[in-house]
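Structural overview for review
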Amino acid sequence: MIIRSPAFHLCYNIARQAKLANQIYYQVITTHSYLVKYPENNTNPSFKDKYYDSNNVNLDVLPLLHQNGFLCDQFSLNKIISTCAKLGLFTVGIQTHCQIIKIGFDSNVFINTALVDMYGKCGVIKLAQKLFDEMPERNVVTWNALISGYLDIHYPENAVAMFLEMLREGISPTPSSVSAVLVGCTQLEACELGAQLHALIWKAGFALNLVVDTVLIDMYSKCLDLETSRRVFDQMPERNVITWTSMITGYAQKQCPFQALTLFKEMLKLGIRPNYVTYSSLLNSFSCPDYLVHCEQVHCHVIQQGFNTNHYLVVTLLSVYSECSCSLEDFQKLCSDTMKWDEISWNAVIAGFSNLAVGGQAFACFARMRRAGFTADHYTFASILKAIGNISGLGEGMQTHCLALKTGYTFEVFIQNGLLSMYTRCGRLEEAERIFSSMEERDLISWNSLLTGCAHHGYGRDVMVMFEEMRRCGIKPDLTTFLAVLSACRHAGLLDEGIKYFDLMKNDNSLPPPKLEHYACIVDLYGRAGHLLEAEAFINNMPIEPGPSVFKSLLSACQLHGNKELAIISSKKLVELCPNDPATYILLANVLASEGNWNDAEGQRKLMLDRGLSKKPGYSWL
């Protein structure tokens, strides 16, 4: 029989406890790393119950590791602090900091750097700055950690100031340093500062660094200097999918869809596989009916690459299709393909129906969203108010107004603008003026909403008074403002005033050239006043090609004043531009009938029928 001594049992117990602690430590650290990398696989309730509380590490584990001597080396402490930084475990992090001070590692530059990074990522930047100031030794990684901490909480001014102080102290920056400060320049939209940093990048030898160049492209793009951004892109010896996506995003943000599409095709030719962000950026550059075909082509490519179930892309497709005025059937098909219904999905669907002017369905979706327990945010209110305005749904609008008051969103300017536009579209100008008067801050959209509403309801003189008041308040009018004023002059028959405001708009070099609808207003003004020859001369001297709206205004004036010759000229132009528009034939037939030319009028209606056209019947909601 073998007799085991007490010393043997002691050694055996120590070894067993050490092995147990080692297993616990390994499980904690590796599982933290795994869950950070693959959060969707966190499905093991037994492990969560054992090592986690609500969503953090079970604090009982760390004392156990300390008791067994596993929190006395630099590697272990750095691993714990790094885990706290990744998961935002501030409570665990600060307790670990206390332990670090207790065991004498508070002067270690590597551990202190990890602590600065942890406090920054947990959003407690004051503690990060305090620890940084008390550190007896710092390296460039320490400075980078604090700069990134300020950027994470959107204090780019402080990040730039820290970078400049780092340079003054003679610390040579790394690619991570300049990349972080470029992000700060992007947040500040400080293109000039970014250009100075670009010069420093060349001087420091980072000009060919892939990460630095990619951040440079993003910075210049968001500062609206696409020319320089493209120059950096073209000079890069190496590019990855993030680089291509950044350049495509730059074109998309500046509404340059063809350049973005060309770059996308070039990317595919080089064999670089786009990610979902690439597709989303490209799709967001399509924002009008002219680009619907391109949107459909990119959508086909999305399906081919297997991204059609990506929630982020599905929401983008919903928004873009509606902005490109797709058919209601196509949009409803996209809605039925939506797999995940959250606030973002509901908002995209409501905004889509609103963009397609299907206000009833938008409000029905809003009601379903509320019944499903989702809370409306400012984006929801802006979309639903637009939809209600489209259908002049005063009752629904007042209910939505009450809900916005209850949830506290009526203090936001764009919600007030939405309410203002909704009430003017519903004909409740008194309510609109009351909201306008109560607004502490009014922007251009506020003024445009009120001016457009008053113009639509025939208050021409009031619109001109408000326009002059707007200019006195220092709000610079845009083309939409002038269109509202010209429409008001047209409805009120104010020819001289309309021409005066048109000349004011045309001679303002800070504004884009007038659009077709502005010219159509002036033609209508001349026509209503009976100055048909002046209207014809105005059309002939237009610097842009006259469109259907211009000739329809002239043809309507010919019907009003019985000018057969000019009506025939106008109708011929209209038939050339819109051969399938029945309104052209109806207008000309009415002019001929008013002159007593019944046979010619009948001939126009027969021609319309022979071409398979029919007048759409009018209807009323009343």
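Going by an unreviewed UniProt entry, the protein carries the name Pentatricopeptide repeat-containing protein At4g39530-like and comes from Nicotiana sylvestris.

**A short note on the pattern of salt bridges**
Pairing between side chains of opposite charge can happen when the charged atoms of each approach one another. Across all of its chains, the model carries 14 salt bridges by this definition. Of the charged contacts in the structure, one is a salt bridge between Lys-340 and Asp-342, with a shortest N-O distance of 4.0 Å. The class for Asp-342 is buried, based on a relative accessible area of 13%. Here Asp-524 makes a salt bridge to Arg-528, at a shortest N to O gap of 2.9 Å. Separated by 4 residues within a single helix, Asp-524 and Arg-528 lie in helix α30 (residues 516-528), roughly one turn from each other. With relative accessibility at 9%, the residue Asp-524 sits in the buried group.

**Remarks on the confidence of the model for the protein**
Summary statistics for the protein give a mean pLDDT of 84 and a share of 85% for residues scoring 70 or more. Counted against residues more than four places away or in other chains, residues 1-59, with its pLDDT under 50, gives 50 contacts.

**Re the UniProt feature "repeat: PPR" (unreviewed entry) in the protein**
The UniProt feature table records "repeat: PPR" (unreviewed entry) at residues 139-173, 240-274, 342-376, 412-442, 443-477 and 478-512. Helix makes up 74% of residues 139-173 and strand 0%, with an end-to-end C-alpha separation of 10 Å. Annotated as 74% helix and 0% strand, the span residues 342-376 places its first and last C-alpha atoms 11 Å apart.

**So, the packing of aromatic side chains**
Scanning the model with the defined rule gives 19 aromatic pairs in all. Look at Phe-233 and Trp-244: their rings are 5.0 Å apart centre to centre, the planes differ by 85 degrees, and that puts the pair in the edge-to-face class. With Phe-233 in helix α13 (residues 226-235) and Trp-244 in helix α14 (residues 241-253), this pair connects stretches of sequence that are 11 residues apart. Each member of the pair, Phe-233 together with Trp-244, is buried. Look at Phe-286 and Tyr-291: their rings are 6.2 Å apart centre to centre, the planes differ by 45 degrees, and that puts the pair in the tilted class. Phe-286 gets classed as buried once you look at its relative accessible area, which sits at 0%. Following the ring pairs from residue to residue traces out a cluster consisting of Phe-502, Tyr-519, Tyr-526 and Phe-538. Directly above the aromatic system of Phe-233 lies the positively charged group of Arg-239, at a separation of 4.2 Å from the ring centroid. Sitting above the plane of the Tyr-501 ring, Lys-500 keeps its charged end 4.7 Å from the centroid.

About the criteria used
- Residues numbered from 1 in each chain as written.
- Predicted model: local features only at pLDDT ≥ 70, side-chain atom pairs only at ≥ 80, totals over all residues.
- Heavy atoms only, no water.
- Salt bridge = Lys/Arg side-chain N within 4 Å of Asp/Glu carboxyl O.
- Buried < 20%, exposed > 50% of the residue type's maximum accessible area, 1.4 Å probe, protein only.
- Helix = DSSP H or I, 4+ residues; strand = E, 2+ residues; numbered from the N terminus.
- pLDDT = per-residue confidence, 0-100.
- Contact = heavy atoms within 4.5 Å.
- UniProt positions renumbered as here; feature names shortened; annotations may be inferred.
- Phe/Tyr/Trp six-rings, centres within 6.5 Å; stacked < 30°, edge-to-face > 60°.
- Lys NZ or Arg CZ within 6 Å of the ring centre and 35° of its normal.

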